[in-house]
Amino acid sequence: MMKVLFAASEIFPYAKSGGLADVADALPNILKSHVQISRVMPLYGCMNKEEFDYNRSFKICLGGIDYKINLYIKDADEVKTYFIEAPFLSETENLYCDKDKDYANNDLRFGIFCMAVVELSLALEIDLLHVNDWHSALCTLFIKERQLKIKTIFTIHNLAYQGVFGKSSLERLGIDEKYFTMDALEFYKNVNFLKAGIAYSDLITTVSPTYAKEILTKEFGCGLEGFLSCHKEKLSGILNGINETIFNPLNDTVLSYMYDKSSLENKHKNKVEFIKKTKLKDPRRPLFVMLARLVEQKGIELLIDSLKGLLEKKINIFVLGEGNIKFSEKLKQFSKEHENFEFCERYDEQLSHHMYASADFLLMPSLFEPCGLNQMIAMRYGTIPVVHAVGGLKDSVHEGEMRCGSGIVFKKQNKKELIAAVDRALSLKKESEKFKSIIEFNMDCDFSFEPSALEYLKLYKSLE
């Protein structure tokens, strides 16, 4: 059986900042039936290593300096997860940044991580290394440089985050200056880690078919559209899925009232309870929720621009998220001024489950969205998504046709279109039978990683 190591900078439930962690949890758990797969991630300072078993220690060398690596392991659900404890990498409380500021030594932190992953790959005698985003992209370069017989797949979860550092990173990481070219790591006189994954992997995937096409254009290519076009013959898009064991309203113990499509009265009970615990009033009003990092990508700016008009309607809106302080301050102000709007500034996994189980509609006005998982989770919980037609949102949410899944879709990312989409959502809510039929249809859809995993398996087998 093929031996695979899946490398990611975050894996749920150990560390999470976004969708990558959910994918790194769900995908290997499906693939374990087809390949011998294990996972590896950093052991961050915010994690308790006492929860894991010590495995072994070894040394790596980068830029002429030796670094001691301590390896820990957790064996659960037949998928072993390795944790890399290393200088600098494991000394931070957060994953990548402190508030809005990236850690200045992220190049060294994740350079160490990548070299340690390659050494682990050799020790495990794997056939294929599956790396994700810029944090593990250098693995592909290190494998090429050492001419190792390990095949690599590189998945881009979000092209906007590329791992760009000053040229001095080359010396710090012991990377030959011959790689400082436009065809390799050079990017406007800086070093771009993501380019390593694109250039030196055997295959590239991204997380939806539409996003795979979008990133070849100037609008969505983030300055790499030309470079990606040079490698497009090895690029494909595979839509993400969700872990339907974790995201299942019928056995979600976080909820006060569990339910399925035949007991939707319990979804309403969750809504009534949720409204009571917030400053919002009247559970009869349609409840719109948004769960997002407060960054431009997620359409926060558009939401803020549209809030005045939206809050004039007889609706409730609840937003959960943290990030850019300029967005959070504006949302706090709206929360003070409007009784039908509440903003909760934090990341809260349990609260997110309550929101999915209580809401009528989910807002996703993203400027771009490589895949998006929130819309799938929402539909699983009988909450109808209102989305901008980009990336994975375009692939997974359809309006006016009963395709998995069904929701409200607007084509242009502007205030007029968003407000019109909310108006269509409100009209749908008034058509109670149609509204209920869409909820039930969505709850029957297969949003699991099973179909996607089979696509990944085909790629894995093509490299044997």
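This section reports on the structure supplied with the text. Remember, predicted model here, so these are calculated numbers, not experimental data.

As a further point, take the sheet that holds strand β11 (residues 186-187). Spatially, the three strands line up as an open sheet ordered β10-β12-β11, and their pairing is antiparallel. Of all strands in the sheet, those with a lone pairing partner are β10 (164-165) and β11, marking the two edges. Pairing analysis gives two bridges linking β11 to strand β12 (residues 190-192), with the strands arranged antiparallel. Its bridge partner lying in β12, E186 is registered against V191.

We now examine the sheet that holds strand β5 (residues 79-85). Read across the open sheet, the nine strands follow the order β3-β4-β5-β2-β1-β8-β9-β13-β14; overall the sheet is mixed. Of all strands in the sheet, those with a lone pairing partner are β3 (53-62) and β14 (235-237), marking the two edges. Strand-to-strand twist across the sheet, computed as the mean angle between neighbouring axes with direction ignored, equals 25 degrees. The sheet contact formed by strand β8 (residues 128-132) and strand β9 (residues 151-156) spans five bridges and is parallel. Looking across to β9, one finds that V131 is bridged to F154. Across the sheet, helix α1 (residues 19-31) is in contact with β1 (3-7), β2 (36-42), β5 and β8; its angle to β2 comes to roughly 160 degrees.

Using the criterion set out here, one finds one disulfide in the structure. In this model C404 forms its disulfide with C445; the gap between the sulfur atoms is 2.0 Å. Residues C404 and C445 are joined by a disulfide whose S-S torsion is about -90 degrees; by sign, that bridge is left-handed. With C404 in the loop between α13 (391-396) and β20 (408-410) and C445 in the loop between α15 (432-444) and α16 (450-462), this pair connects stretches of sequence that are 41 residues apart. Taking the relative accessible area as the measure of exposure, C445 reaches 4% and is therefore buried. Free of any disulfide, C344 has its nearest neighbouring cysteine sulfur in C97, separated by 19 Å.

In terms of burial, helix α11 (residues 349-358) is largely enclosed, as eight of its ten residues are buried. All of the buried residues along α11 are E349, L351, S352, H353, M355, Y356, A357 and S358. Residues of α11 that are buried make contact with α8 (265-276), β15 (287-291), β16 (316-320), β17 (341-344), β18 (361-364) and α12 (374-380). Between the side-chain oxygen of the N-cap and the backbone nitrogen of Q350 there are 3.2 Å, and the N-cap of α11 in question is D348.

This paragraph deals with the pairing of β18. Of the two faces of β18, the one carrying F361 and L363 and the one carrying L362 and M364 are both buried. One ladder, built from two bridges, connects β15 with β18; its direction is parallel. From the neighbouring strand, F288 faces β18, where its bridge partner is F361. Summarising the sheet, β18 and strand β19 (residues 384-388) pair through four bridges and their orientation is parallel. Bridging across to β19, M364 finds its partner in V387. Viewed along the sheet, the connection from β18 through α12 into β19 turns out right-handed.

Another aspect to go through is unusual backbone geometry. Residues F12 and P13 are joined by a peptide bond in cis, for which omega reads 10 degrees. You can see P13 is positioned in the loop between β1 and α1. Of note, the bond from C404 into G405 is cis; its omega dihedral lies within 30 degrees of zero at -10 degrees. Mapped onto the elements of the fold, G405 is located in the loop between α13 and β20. If you check the backbone angles, Y188 has positive phi at about 50 degrees while not being a glycine. Mapped onto the fold, Y188 is located in the loop between β11 and β12. Notably, C222 is not glycine yet its phi reads approximately 50 degrees, a positive angle. If you trace the backbone, C222 turns up in the loop between α6 (209-214) and α7 (225-230).

What counts, and at which threshold
- Think of each chain on its own: its residues are numbered from 1, step by step along the sequence as written.
- For a predicted model such as this one, the threshold for reporting local features is a pLDDT of at least 70, and the threshold for listing and counting side-chain atom pairs is 80 or more; totals across whole chains, interfaces and linings nevertheless cover every residue.
- Side-chain metrics rest on all non-hydrogen atoms present in the structure, leaving aside hydrogens and water.
- Only strands joined by at least two bridges in the DSSP assignment are considered to pair.
- We count a stretch as a helix when DSSP gives it H or I for four or more residues in a row; a strand needs E for two or more, and each element gets its number in order from the N terminus.
- Axis lines are fitted to C-alpha atoms, over the contacting stretch for helices. Their N-to-C directions set the angle, which ranges from 0 to 180 degrees.
- Note on contacts: a residue pair qualifies if any of its non-hydrogen atoms lie within 4.5 Å across the two residues.
- Cysteine sulfur atoms that pair up within 2.5 Å are treated as a disulfide.
- When a residue's accessible area, from a 1.4 Å probe over protein chains only, is under 20% of the maximum for its type it is buried; when over 50% it is exposed; and in between it is partly exposed.
- In the analysis that follows, any N or O atom pair within 3.5 Å is treated as a polar contact, provided that within protein one partner can donate a hydrogen and the other can accept it, and provided that, for residues neighboring in sequence, both atoms belong to side chains.
- Whether a crossover is right-handed depends on one test, that the path from the first strand over the helix to the second runs clockwise when the strands point away from the viewer.

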